[in-house]
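# Summary of the model geometry
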Amino acid sequence: MRWQTMRWQKTPLGLAFENRGTVDRPKIALSIWSKDRLDRRFVAGLVDEITYRYNLQLDLTDFYRRSKNDPQLGPIMDRWRGMRPLNYSSLYEYLMIAIVLQNATVRRSVQMMQALLENYGTRLFYDSQELYCAWEPKVMDRATEQELRDLKVGYRAKSIKRVTAAFAQREIDEFDLRTRSREEQRQALLGLYGIGPASVEYILSDVFHHLDALSYISPWEQKIYSKLFFDVSPDEPVPTDKLLALFDSRFGAFKMLAVHYIWEDLFWRRKNEKVEWLEKLIRL
DNA sequence: CGGCAGGTGCGGA
DNA sequence: TCCGCACCTGCC
C-alpha cells in the first residue's frame, strides 16, 4: 500500500494505491478519502491527472529493446523491468521541493519542507495515516519573506515567495505548459526567480516527462557518474561534457530514463549492502 | 572553530 | 558566454 495526499482543484485528498496486478498485466486499486462527497466528474478528472503525473501510459517497449544488451543497463533491467519514474507532485509543489534542495543536505531539506507543510499545508488523517497536504499558492502568497525566514529556510525564502507569487497571479500555468515544447518549458522555468539549470533539468524529466532531459550535471552527480561509468576517483572526475556525450551515444532519447534506472539500482543496493565509495559522496 | 553542502543570481570581464 | 562571489543554516 502506498499513501499520499494530493490537492486537486483546491480539494485536499487522501489517496491510497494498492498493487492488484503484475509487471506484464499492471493494475492499481485507488482509494480516495475526502471531507465532502466527490462527484463522478471530479473523480474522472482526478484519475486523468494521476495517470498523467505517474506517466502510466508510458510505453517502455523501445527502451527495453535498446537497453537489453547494454552492459550496464542489461542486468538492471532484469531486476527493475516495469519500473517507471515516479513523481506525484504538481509543478508548483515540485518547484518548492527543488528550492529547498538547493545547497543543502537531505536532512536539512526535509526539515525545511516539513516546516513549510506544518505552517501552510493541511493536515489530513485517513486510513490510520497522518499526512500533510500541500498548500495552495494563494495561501502562502500572503506570508512575508520574514515569516518564511523564521522557518529556517534561509535565503531560499525569497525564491519561495517569488515563485509562489508567480503561481498565485497566474503568470505561469502548469496545464498550459504541458502543451508547450520543451524549449518553451525550459525558458518559462528559468524565468522563475531561484530556479536555475539544475532544478529545470529535474522538472523537465520528472514533471513534464522528457525522458531525454539530461544536459546538465551538477558537481556531486559528476563524481558519482565518473565512478560508475569510468571507475575513476571522485578527486579527478571525468569532465561533464564527456559524460554527457557518453550518455548520448549509449542511451540516446532515453538517456534520462536510463540514468534513472541506474540511480534506483544503486540506491537499492546501498540499502542492502554498504557501497563504500558512495557513502563518501553523499551526505545525509 | 572554519569550511562547506543534491544551486542560483548578480555583477563584471 | 563565462567567471567569482555571496548567501541561511546546520553539521562535521
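Note that the structure is predicted; figures quoted are calculated from it, not measured.

The description of two helices packed together rests on the angle between their axes and the distance between the axes. Remark: helix α13 (residues 240-251) packs on helix α14 (residues 255-272), axes separated minimally by 9 Å, with the N-to-C direction vectors making an angle of 100 degrees. Taken together, α13 and α14 sit at an angle that is classed as roughly perpendicular. Contacts between α13 and α14 involve Phe247, Asp248 and Phe251 from the first element and Lys255, Ala258, Val259 and Ile262 from the second. Here the residues of the contact of α13 with α14 are counted per class, giving five nonpolar, no polar and two charged.

Before going further, it helps to examine unusual backbone geometry. Within the chain, serine 128 stands out as a residue other than glycine whose phi angle is a positive 60 degrees. Counting through the fold element by element, serine 128 comes out in the loop between β4 (122-126) and β5 (129-133). Take serine 128: its relative accessible area is 78%, and that puts it in the exposed class. A positive phi angle is found at arginine 170, which is not glycine, with a value near 60 degrees. Within the secondary structure, arginine 170 sits in the loop between α8 (156-168) and α9 (174-178).

Take the protein's contact with DNA strand C next. Looking at DNA strand C, the residues that line it are Asn103, Arg107, Arg108, Gln111, Arg149, Lys152, Gly154, Tyr155 and Arg156. The sugar and phosphate moieties of DNA strand C supply 64% of its atoms located within 4 Å of the protein. The side chain of arginine 149 places a nitrogen or oxygen atom 3.0 Å from a sugar or linking oxygen of DNA strand C. The element best represented in the surface near DNA strand C is helix α5 (residues 106-120), accounting for three residues.

The next point concerns the environment of leucine 95. Note on placement: leucine 95 falls in helix α4 (residues 91-101). In this structure leucine 95 touches Val163, Phe167, Leu192, Ile195 and Ile203, once residues within four positions along its chain are discounted.

In this structure, histidine 209 sits in the loop between α11 (197-206) and α12 (219-230). Not counting residues up to four positions away in its chain, the partners in contact with histidine 209 are Tyr52, Arg53, Asn55 and Leu204.

Rules behind the numbers
Residues numbered from 1 in each chain as written. Chains lettered and ligands numbered in written order. Predicted model: local features only at pLDDT ≥ 70, side-chain atom pairs only at ≥ 80, totals over all residues. Heavy atoms only, no water. Axes fitted to C-alpha atoms, helices over the stretch in contact; angles between N-to-C directions. Helix = DSSP H or I, 4+ residues; strand = E, 2+ residues; numbered from the N terminus. Parallel < 35°, antiparallel > 145°, perpendicular 65-115°, else oblique. Contact = heavy atoms within 4.5 Å. Nonpolar A, V, L, I, M, F, W, Y, C, P; charged D, E, K, R; others polar. Buried < 20%, exposed > 50% of the residue type's maximum accessible area, 1.4 Å probe, protein only. Near = heavy atom within 4 Å. Polar contact = N/O pair within 3.5 Å; in protein donor to acceptor, adjacent residues only side chain to side chain.

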